[in-house]
Amino acid sequence: MLKIYAPASIGNVSVGFDILGAAILPIDGSLLGDCVSIEEADEFLLENKGIFCNKLPHDPKKNIVYQCWVRFCKKIGKIVPVKITLEKNMPIGSGLGSSACSVVATLVVMNQYCGFPLNKIQLLKLMGELEGCISGGVHYDNVAPSFLGGLQLIIEEDDNLSHIIPIFEDWLWIIAYPGISISTSEARNVLPSYYSKINCIKQARLLAGFIHACHTHQPLLAAKLMQDVIAEPYRIKLIPGFLKARKVAQDIGMFMCGISGSGPTLFTVCNDIKVAKNMRNWLIQNYLQNNEGFVHICSLDIAGARKME
Ligand SMILES: Nc1ncnc2c1ncn2[C@@H]1O[C@H](COP(=O)(O)OP(=O)(O)O)[C@@H](O)[C@H]1O
Ligand SMILES: N[C@@H](CCOP(=O)(O)O)C(=O)O
């Protein structure tokens, strides 16, 4: 049986709303993402497993996995009867690209099972489309890193969809999911439709400077520029305890602290394991709201979606 794992991701990475995303891998060796396996069947069947499977829509046709199967079959012009098993390990509406994990793992597994009829660009375009069905707007900042790995900058110009950005290998990325859910489409609806000229110029300066700092190996400059002037000011009100956590992160010695995707997960970065562990302990004691919440110290997941033995 063929089984594909697709990692969780931090959408936006604060400075690149909708166009920057990072795939993550806990340093303790655990896996943070969904697995999808496929086997021959007489008709399409979907089985859901995993710790968060009870939070999936009850109607299997509303599961994004089913919609991926339909779109993929349409794209290759052939109905492929298969049984798909989704291991839903990612909390839904967490800000860690949960729907993207399912989309990426399903399309990669289907493509491999069918002998690679679609190339990487066609697959990524399809992933963006399907993610758009769920979140109310096509955005690649979760699907691209989950599929391709690392820190991805979305270019989206013709076939130039996404490029990997070199990032500092010693950076530790702590993510804290409090255990409550925020719908991405609702968190997109709180954003304004238009931004002022001053804001647009600031956003361009921050993102261009960040990408420059990554390419010229200036970690402190990069971290300083990781500011969100597009979404964070409007989403903070949806995330209890975020401002307090950010203040503590600064006091503890983290480089920066921002919202992961549309929240409520936060992420914070440093390059010192002692500092990271202090922060993790504080987040466990103060940011989690119930026993579904979790905190992980991560590195970037460079491999992206991959086959599991
Ligand atoms: N396989 C799936 N994984 C995650 N969410 C799914 C899946 N199938 C359908 N959904 C629906 O998609 C929505 C979650 O998407 P979203 O708010 O973007 O969360 P996330 O930020 O975790 O991706 C929910 O309404 C959920 O019911
Ligand atoms: N760029 C998107 C990212 C959403 O990520 P998710 O993990 O919350 O689905 C946005 O900020 O709306």
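So, how was this worked out
Numbering of residues starts from 1 in every chain and runs along the sequence as written. Think of it this way: whatever chain is written first is A, whatever ligand is written first is 1, and the rest follow in order. With the structure being a predicted model, the display of local features is reserved for residues of pLDDT at least 70 and the display and counting of side-chain atom pairs for 80 or more, all residues being used for whole-chain, interface and lining totals. Calculated side-chain values reflect all of the structure's heavy atoms, with hydrogen atoms and water omitted. Only a single heavy atom is needed: when it lies within 4 Å of a molecule or strand, its residue is near that molecule or strand. Counted as a polar contact is a pair of N or O atoms within 3.5 Å, where, for protein atoms, one must be capable of donating a hydrogen and the other of accepting one, and residues adjacent in sequence contribute only when both atoms are in side chains. Using a 1.4 Å probe, the Shrake-Rupley method yields the accessible areas, and only the shown protein chains count as cover for residues. Cavities and pockets are found on a 1 Å grid laid over the protein atoms alone: a cavity is a set of points where a 1.4 Å probe fits but cannot escape, a pocket is an open set with protein on both sides within 12 Å along at least five of seven lines, and a lining residue has an atom within 4 Å of such a point. Think of it this way: if more than half of a molecule's atoms are within 2 Å of a pocket's grid points, that molecule is in the pocket or cavity. In this text, helices come from DSSP runs of H or I with a minimum length of four residues, and strands from runs of E with a minimum of two, each type numbered from the N-terminal end. Under the convention adopted here, Pro, Cys and the residues Ala, Val, Leu, Ile, Met, Phe, Trp and Tyr are nonpolar, Asp, Glu, Lys and Arg are charged, and Gly plus all remaining residues are polar. Helix span, as expected, comes to 1.5 Å for every residue beyond the first. Relative accessibility under 20% of the residue-type maximum defines a buried residue, over 50% an exposed one, and the middle range a partly exposed one, all with a 1.4 Å probe and only protein chains included. When we speak of the arc, we mean the arc of directions from the helix axis to the C-beta atoms. Contact between two residues is taken to exist if any of their heavy atoms lie within 4.5 Å; hydrogens are not considered. Domain limits in this description derive from either an automatic procedure or a database domain assignment. Defined in terms of a 1.4 Å probe, buried area is the accessible area two parts forfeit on being brought together, summed over both. The term salt bridge refers to a side-chain nitrogen of Lys or Arg lying within 4 Å of a carboxyl oxygen of Asp or Glu. At least two bridges found by DSSP between two strands is the condition for calling them paired. UniProt positions are given in the numbering used here, feature names are shortened, and annotations may be inferred rather than shown by experiment.

**Q** I tried to follow the site of ligand 1 on my own but got confused; where do I start?
**A** Close to ligand 1 lie 19 residues; N63, I64, G93, S99 and T184 are nearest. Between ligand 1 and the protein, one listed contact pairs an oxygen atom with a side-chain N or O atom of S99 at 2.6 Å. S102 has a polar side-chain atom sitting 3.0 Å from a nitrogen atom of ligand 1. When isolated, ligand 1 has an accessible area of 560 Å², and the protein chains bury 84% of it. Taken atom by atom, the bulk of ligand 1 overlaps the largest pocket. Per-element tally for the shell around ligand 1: the top contributor is helix α2 (residues 98-113), with 3 residues. Here the shell around ligand 1 is built from residues that sort into 7 nonpolar, 10 polar and 2 charged.

**Q** Is there a simple way to think about helix α10 (residues 273-286) in this case?
**A** An α-helix turns once per 3.6 residues; consequently, residues spaced three or four apart project the same way. With 14 residues, α10 ought to run about 20 Å at 1.5 Å a step, and its terminal C-alpha atoms sit 20 Å apart, in line with that. Within the span of α10, buried status applies to V275, A276, M279, W282 and L283. End-on, the buried residues of α10 take up no more than an arc of 130°, which puts them together on one face. Of the residues in α10, the exposed ones pointing more than 90 degrees away from the buried face are K274 and Q285. The inward-facing, buried residues of α10 abut β9 (172-177), α9 (242-252), β11 (266-270) and β12 (294-300). Between the side-chain oxygen at the start of α10 and the backbone nitrogen of K274 there is a gap of 2.8 Å, and the oxygen is on D272.

**Q** Just checking my understanding: could you explain the domain arrangement of the chain for this structure?
**A** How large an interface is tends to be reported as the accessible area lost when its parts come together. Domain boundaries in the chain define domain 1 (2-166 + 303-307) and domain 2 (172-299). Each of domain 1 and domain 2 has a C-alpha centre, and these two points are 23 Å apart. With both sides pooled, the region where domain 1 packs onto domain 2 buries about 2900 Å², and carbon together with sulfur makes up 65% of that total. It is S14, V15 and F17 that lose the most area in domain 1 upon contact with domain 2, and together they represent 23% of the buried surface on that side. Joining domain 1 to domain 2, the criterion identifies 2 salt bridges. A salt bridge links R188 to D18, with the nearest nitrogen and oxygen atoms 2.7 Å apart. Across the contact surface, domain 1 and domain 2 share 12 residue pairs in polar contact (both at pLDDT 80 or more). In terms of residue count, strand β3 (residues 20-26) provides more of the side of domain 1 that touches domain 2 than any other element does, 5 residues in total. For the side of domain 1 that touches domain 2, the per-class residue count stands at 21 nonpolar, 12 polar and 3 charged.

**Q** Sorry if this is basic, but what is going on with the pairing of β12 here?
**A** If a strand is regular, its side chains alternate between the two faces of the sheet. The element β12 is extensively covered by neighbouring structure, given that 6 of its 7 residues are classed as buried. Here β3 runs beside β12; their pairing, made up of 3 bridges, is antiparallel. Bridge pairing links I24 to L300 in β12. Examined bridge by bridge, β9 and β12 share 5 bridges and lie antiparallel to one another. Its bridge partner lying in β12, W173 is registered against C298.

**Q** I would appreciate a short explanation of the UniProt feature "binding site: ATP" (unreviewed entry) in the chain in the present structure.
**A** Here, UniProt's "binding site: ATP" (unreviewed entry) annotation points to P91, I92, G93, S94, G95, L96, G97, S98, S99, A100 and C101. Taken from the residues named earlier, the lining of the largest pocket is made up of I92, G93, S94, G95, L96, G97, S98 and S99. Of note, P91 is situated in the loop between β6 (82-87) and α2. We classify P91 as buried; its relative accessible area is 0%. With residues up to four places along the chain from it excluded, the contact list for P91 reads F52, S98, Y177 and F294. Positionally, S99 belongs in helix α2. Setting aside anything within four residues of it in sequence, one finds S99 in contact with I64, K88, E131 and I134.

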